[in-house]
Amino acid sequence: MRPALVIVGAGPRGTGLIERIAANAPELYAGSGLDIHLVDPHPPGGGRIWRAAQSPLLWMNSHAEDVTMFTDDTVDMAGPVREGPTLHQWADLAGSTFVDRRVQGSYLRWVYDQAVASLPGDITVHHHPRRALRVEGPRRGRQQVWLEGRAHPLSADLVVLALGHLDARPDREQAELTAHARTHGLVHLPPDYTADTDLSVLRPGEPVLVRGFGLAFVDLMVLLTEGRGGRYDGDTYLPSGQEPVLHVGSRRGVPYHSKIGYDLTGERPPLPRFLGPAETDALLARPGGPDFRRDVWPLVEKELGFAHYHRLFTAHPERTAMSWAGFEEIYASADAPGRAALAAAAVPDPADRLDLAALDRPLAGLRHSTHEDFQEALRGRIEADLRRRHDPAHSPDLAVFLGLLSVYGQLVRLGDIGPWWHGFFSFLASGPPGPRLRQMLALSRAGVLKFVGADMTVTAEDGVFRASSATVPGFRTEARALVEARLPEPTVRRARDPLLRALHADGAAETPDGLLRVDPADCRVLDGAGRPHPRRFALGPFTDGRTPGAFTRPRTGGPAFRQNDATARAALAFLRTLAPRARAA
């Protein structure tokens with residue numbers, strides 16, 4: 001009869017929630033007794049994505065010093081701060097290291113063990129290595145959580161869904177491509193977590209079309225080259241002969257920007273400046289809610305510009321033509337055209353001005369007469385990006401990165417803001433380590449990797465797949481294999497996860513982009529009428545409260561920490577009201 005909490009998902013979000021329960025329990029739940037049931041077929045801590053059973057060739061795309069599972073005094077939360085080591089402190093390695101994912105999984109397991117050990121003695125955690133199938137129960141009563149292979153459900157007073165990345169059923173386009181492949185004996189690999197994909201069907205020496213140029217592509221590239229016995233000798237790739245030939249393209253046609261390879265010194269931009277809590281409150285108060293492009297993006301654009309120019313004027317004043325004080329005064333009251341005119345007058349070199357549209361679509365309007373010309377040109381772009389992202393003379397780039405983190409921390413409060421923003425953020429702020437781009441260049445020179453271009457189109461015709469791009473007019477390439485190098489869209493309606501599908505059928509609300517709607521205050525699941533469910537919570541990328549990146553950088557406010565803390569406190573406060581009745585019973 002003790003109160004019971006079921007957490008579905010034992011990865012970083014489930015682990016972070018237990019850490020916050022342990023931190024808040026002495027204040028909110030002392031001596032009341034509680035059973036926490038942690039449901040996940042994968043080991044606690046790392047969960048599916050960071051499990052030990054994966055290739056050591058797969059890295060994190062963050063520096064070890066930029067990964068922490070512990071709160072600090074920059075997090076806006078009601079619960080207590082419990083500091084702990086970052087990944088590089090825990091592993092005793094250089095902060096600039098990009099560790100493999102198995103090391104991160106070990107760190108997460110240690111954090112999990114520490115969190116469980118710090119729980120009060122009358123709170124017990126039970127791990128169930130199974131999949132959760134569905135949640136049933138009345139809004140005002142106990143919930144029943146059914147598990148795969150278990151005859152009886154877990155009874156829970158509260159349920160938290162911390163499911164992480166999910167598999168998805170194919171949309172219409174993907175289903176048609178798969179059907180074409182089946183009919184003609186081709187290979188089509190739909191969106192998936194690359195480490196879980198069977199790549200053995202991609203044959204050595206044969207062309208493979210790849211759609212997607214982000215982090216999933218980097219994993220694919222590694223597993224099909226080094227993972228098949230190839231190796232690097234400096235900047236030269238030595239093939240094993242087992243590699244396919246990858247033809248890659250995407251909407252932008254270029255890889256994500258390299259991770260920045262230097263630290264920010266001197267004055268940091270004072271953020272937030274134009275998109276902070278007050279502005280977010282005003283956006284939330286708009287009748288019918290804000291429109292991203294009309295209401296939100298102008299503030300984002302102004303905030304990122306402020307971060308960029310603050311750094312340029314304070315760290316590189318020799319490249320400006322007026323004082324920062326004078327620039328800031330005009331900038332603060334100017335509209336978008338006025339700010340562009342101000343930058344043109346005050347920043348002589350156009351390369352020092354921030355142009356977000358050009359950053360978002362770097363190949364827009366560019367045409368190459370031959371496929372070979374484009375290969376050389378894109379290699380030059382990647383080389384230039386590597387130089388820039390490792391040169392502190394371009395430190396306004398790092399200021400913009402900090403601006404992106406600040407902006408994202410506010411946008412989380414607005415709920416779902418559309419997929420474009422998340423892609424833009426990832427392209428600028430969540431790219432691969434520099435060494436991965438150097439490997440990409442070596443593979444291109446070796447002929448193992450070929451670039452298709454921007455706005456890549458794929459057609460299924462004449463028993464093959466064909467790809468083309470306006471970047472190289474008239475050029476087409478074909479293959480008998482097509483790989484969608486991206487994670488599935490985290491939509492509730494198309495999720496393969498039976499629990500989420502059951503929630504959707506039960507009336508849980510979703511956004512126009514298919515995310516599960518949650519209360520921004522404490523992440524309770526909302527129904528179609530906007531009512532928070534009193535006994536169900538949800539955290540993670542499948543919700544409209546999704547947060548930037550997989551992990552939090554130290555001293556950046558950590559919206560995921562804020563959510564975990566709010567959910568933990570709301571859960572403990574609710575469960576505390578049940579404890580006296582349980583003891584009486």
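Look above for the structure.
Residues numbered from 1 in each chain as written. Predicted model: local features only at pLDDT ≥ 70, side-chain atom pairs only at ≥ 80, totals over all residues. Heavy atoms only, no water.

1. Section: the packing of aromatic side chains
Two aromatic rings are characterised by how far apart their centres lie and by the angle between their planes. This structure, assessed with the given rule, holds 27 aromatic pairs. Considering the side-chain rings of Tyr256 and Phe427, the 6.0 Å spacing of their centres and the 80 degrees angle between planes classify their relative orientation as edge-to-face. With Tyr256 in the loop between strand 12 (245–250) and helix 6 (277–284) and Phe427 in helix 13 (residues 419–429), the pair connects residues that are 171 residues apart, well separated along the chain. Tyr256 sits in the buried class, given a relative accessible area of 19%. Through a chain of ring-to-ring contacts, three or more aromatic side chains come together here, namely Phe274, Phe306, Tyr309, Phe313, Trp324, Phe327 and Tyr331. (Phe/Tyr/Trp six-rings, centres within 6.5 Å; stacked < 30°, edge-to-face > 60°. Helix = DSSP H or I, 4+ residues; strand = E, 2+ residues; numbered from the N terminus. Buried < 20%, exposed > 50% of the residue type's maximum accessible area, 1.4 Å probe, protein only.)

2. Re the sheet that holds strand 6 (residues 154–156)
Pairing in this open sheet of three strands is antiparallel, and the strands run 4-5-6 from one edge to the other. Of all strands in the sheet, those bounded by a partner on one side alone are strand 4 (132–136) and strand 6. Within the sheet, the average angular offset between the axes of one strand and its neighbour, ignoring direction, is 25 degrees. Note: strand 5 (residues 143–147) against strand 6, three bridges, orientation antiparallel. Following the sheet pairing, Gln143 is matched in strand 6 by Ala156. (Pairing = 2+ DSSP bridges. Axes fitted to C-alpha atoms, helices over the stretch in contact; angles between N-to-C directions.)

3. Focus on the nonpolar core
The biggest cluster of nonpolar side chains holds 68 residues, and the ones touching the most others in it are Phe217, Leu411 and Trp421. Considering every element that reaches this core, the biggest residue donor is helix 12 (residues 396–414), with 11 residues. Excluding anything up to four places from it in sequence, Phe217 contacts Val210, Gly212, Leu246, Val248, Met440, Leu449 and Ala485. In this structure, Leu5, Ile36, Ala571 and Leu578 belong to the second largest nonpolar core, which totals 32 residues. (Core = buried A, V, L, I, M, F, W, Y, C linked by side-chain atoms within 4.5 Å. Contact = heavy atoms within 4.5 Å.)

4. Thoughts on the pairing of strand 1 (residues 4–8)
Of all five residues in strand 1, five are buried, a share of seventy percent or more. On strand 1, burial covers both faces: Ala4, Val6 and Val8 on one face and Leu5 and Ile7 on the other are all buried. Strand direction decides the pairing type here: strand 1 and strand 2 (residues 34–39), joined by five bridges, are parallel. Counted as the bridge partner of Leu5 is Ile36 from strand 2. Handedness of the strand 1-helix 1 (residues 12–28)-strand 2 crossover: right-handed. Bridging between strand 1 and strand 7 (residues 158–161) involves four bridges; their strand directions are parallel. The residue bridging Val6 from the neighbouring strand is Val159, located in strand 7. (Right-handed = clockwise from strand over helix to strand, strands pointing away.)

5. Digging into the sheet that holds strand 15 (residues 464–468)
Pairing is antiparallel across the open sheet formed by three strands, whose spatial order is 14-15-16. The sheet is open, and its two borders are formed by strand 14 (457–461) and strand 16 (476–479), each paired with just one other strand. Shown here is a sheet whose adjacent strand axes are inclined to one another by a mean of 25 degrees, direction ignored. Sheet topology note: the strand 15/strand 16 ladder contains four bridges and is antiparallel. Paired with Arg466 across the strands is Glu478, a residue of strand 16. Against the sheet, helix 4 (residues 172–184) contacts strand 14 and strand 15, and its axis sits at roughly 135 degrees relative to strand 15.

6. Some remarks on helix 8 (residues 324–333)
Three or four residues apart is the spacing at which side chains of an α-helix point the same way, because the helix has 3.6 residues per turn. Listed in full, the buried residues belonging to helix 8 are Trp324, Phe327 and Tyr331. All buried residues of helix 8 lie within an arc of 65 degrees about the axis, which places them on one face of the element. Pointing more than 90 degrees away from the buried face of helix 8 are the exposed residues Ala325, Glu329 and Ser333. Of the surrounding secondary structure, the elements contacted by the buried residues of helix 8 are helix 7 (292–315) and helix 9 (336–346). (Arc of directions from axis to C-beta.)

7. Some details on the packing of helix 7 against helix 9
Where helix 7 contacts helix 9, the axes come no closer than 12 Å and their chain directions differ by 15 degrees. By the angle class used here, helix 7 and helix 9 are roughly parallel. Between helix 7 and helix 9 the crossing geometry is left-handed. Judged by residue contacts, Pro298, Glu301, Lys302, Tyr309 and Phe313 of helix 7 engage Arg339, Ala343 and Ala346 from helix 9. For the contact of helix 7 with helix 9, the per-class residue count stands at five nonpolar, no polar and three charged. (Parallel < 35°, antiparallel > 145°, perpendicular 65-115°, else oblique. Left-handed = near helix turned anticlockwise from the far one by under 90°. Nonpolar A, V, L, I, M, F, W, Y, C, P; charged D, E, K, R; others polar.)

8. Quick notes on the pairing of strand 2
The buried fraction of strand 2 is high, at six of six residues. Side chains Leu34, Ile36 and Leu38 of strand 2 all project onto a buried face; the interleaved residues Asp35, His37 and Val39 project onto the opposite face, where all are buried too. Bridge analysis of strand 2 against strand 3 (residues 123–128) gives six bridges, and the strand direction is parallel. Note that in strand 3 the partner of Leu34 across the bridge is Ile123.

9. So, the pattern of salt bridges
In this structure the tally under the stated criterion is 42 salt bridges. Its salt-bridge partner being Arg531, residue Asp527 comes within 2.7 Å of it at the nearest N-O pair. Exposure remark for Arg531: the relative accessible area of 44% places this residue in the partly exposed category. Linked by salt bridges that have partners in common, Arg48, Arg51, Asp167, Asp192 and Asp196 make up one network. (Salt bridge = Lys/Arg side-chain N within 4 Å of Asp/Glu carboxyl O.)

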